[in-house]
Amino acid sequence: YANRILRLNEETLAAFGAASVEGQVRFGVTDTSMCFLPPILSRFAQRYPLVELEIRCDRSWESLDALEAGDIDLSLVTQPCGRRGGNAVHREPLVWAAAQRANVEDIDPLPLALFGPGCIYRDAAIDALDKCGRAWRHAYNSASRDGRDVAVDAGLAVTIIPESALKADWRMLDEGQRFPQLPDIELLLFQTSNDTFGAIEAMADAVIESLKETARFAA
């Protein structure tokens with residue numbers, strides 16, 4: 001009973017505190033981190049209905065440049081790009097994936113649909129294939145997730161994605177001799193110190209809480 005009373009007290013204080021949080025949050029994301037956004041945005045909108053949220057999607061280094069320039073307040077990226085101060089908020093495995101009905105995994109050379117140059121996970125996938133002696137070719141390169149997914153949806157290529165982001169009509173490909181193990185993907189949260197209304201800190205809390213739930217679901 002005591003624990004229930006304490007939780008209810010915390011929820012009550014949070015509810016009254018949320019009512020006083022106003023302002024604007026400019027949130028920078030990448031195409032990869034965007035797949036984690038729906039529960040984050042839902043949580044934030046329910047808690048802080050008076051806060052105006054603006055979302056901007058860029059590559060990791062572009063998002064961090066925008067943060068340093070003062071154009072955004074928070075940045076959820078997949079690589080630090082030489083910057084310090086990022087908070088590691090999520091980690092999970094990358095997996096090989098293809099469309100459910102596509103038989104592309106045995107094609108030689110393996111057709112790949114990946115993000116363009118500069119993506120550390122693209123480089124890791126190619127390096128892993130080279131080390132295991134698997135021939136591959138660039139079937140499709142794109143700076144956006146939707147653009148990359150077109151080739152996979154059409155059954156023309158294999159790609160790499162975070163495990164929890166596997167689409168309903170896609171399947172994971174078994175790791176082994178022909179599909180080497182991939183590194184974990186890590187999400188880093190950078191934020192500005194200019195938090196006049198408390199809205200930026202509230203958004204950061206929503207990101208961290210939602211990603212903790214995603215980690216439990218993925219496990």
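Residues numbered from 1 in each chain as written. Predicted model: local features only at pLDDT ≥ 70, side-chain atom pairs only at ≥ 80, totals over all residues. Heavy atoms only, no water.

Caption draft 1: Main features of the environment of Phe36. Within the secondary structure, Phe36 is located in the loop between strand S1 (23–29) and helix H2 (37–47). Put simply, Phe36 and Leu211 are 175 residues apart on the chain and 7.6 Å apart in space, counted from C-alpha to C-alpha. (Helix = DSSP H or I, 4+ residues; strand = E, 2+ residues; numbered from the N terminus.)

Caption draft 2: Representation of empty space enclosed by the protein in the model. By the definition in use, this model includes 1 cavity of 30 Å³ or more. Considered as a void within the structure, the largest cavity measures approximately 120 Å³ in volume. Contributing to the lining of the largest cavity are Thr30, Asp31, Thr32, Asp58, Arg59, Ser60, Trp61, Thr78, Gln79, Phe115, Cys119 and Ala143. For the lining of the largest cavity, the residue count by class is 4 nonpolar, 5 polar and 3 charged. (1 Å grid on protein atoms, 1.4 Å probe; cavity = no way out; pocket = protein on both sides within 12 Å on 5 of 7 lines; lining within 4 Å. Points joined across faces, edges and corners; volume = space filled by probe spheres on them. Nonpolar A, V, L, I, M, F, W, Y, C, P; charged D, E, K, R; others polar.)

Caption draft 3: Spotlight on the layout of surface pockets. Estimated volume of the largest pocket: approximately 210 Å³. Around the largest pocket sit 20 residues that line it, and Phe115, Arg148, Ile160, Ile161 and Pro162 are the ones nearest its centre. Sorting the residues of the lining of the largest pocket by element identifies strand S5 (110–115), helix H4 (120–132), helix H5 (145–153) and strand S7 (159–162) as the ones contributing at least two each. Ranked by residues supplied to the lining of the largest pocket, first place goes to S7 with 4 residues. Residue composition of the lining of the largest pocket, grouped by class: 13 nonpolar, 2 polar and 5 charged.

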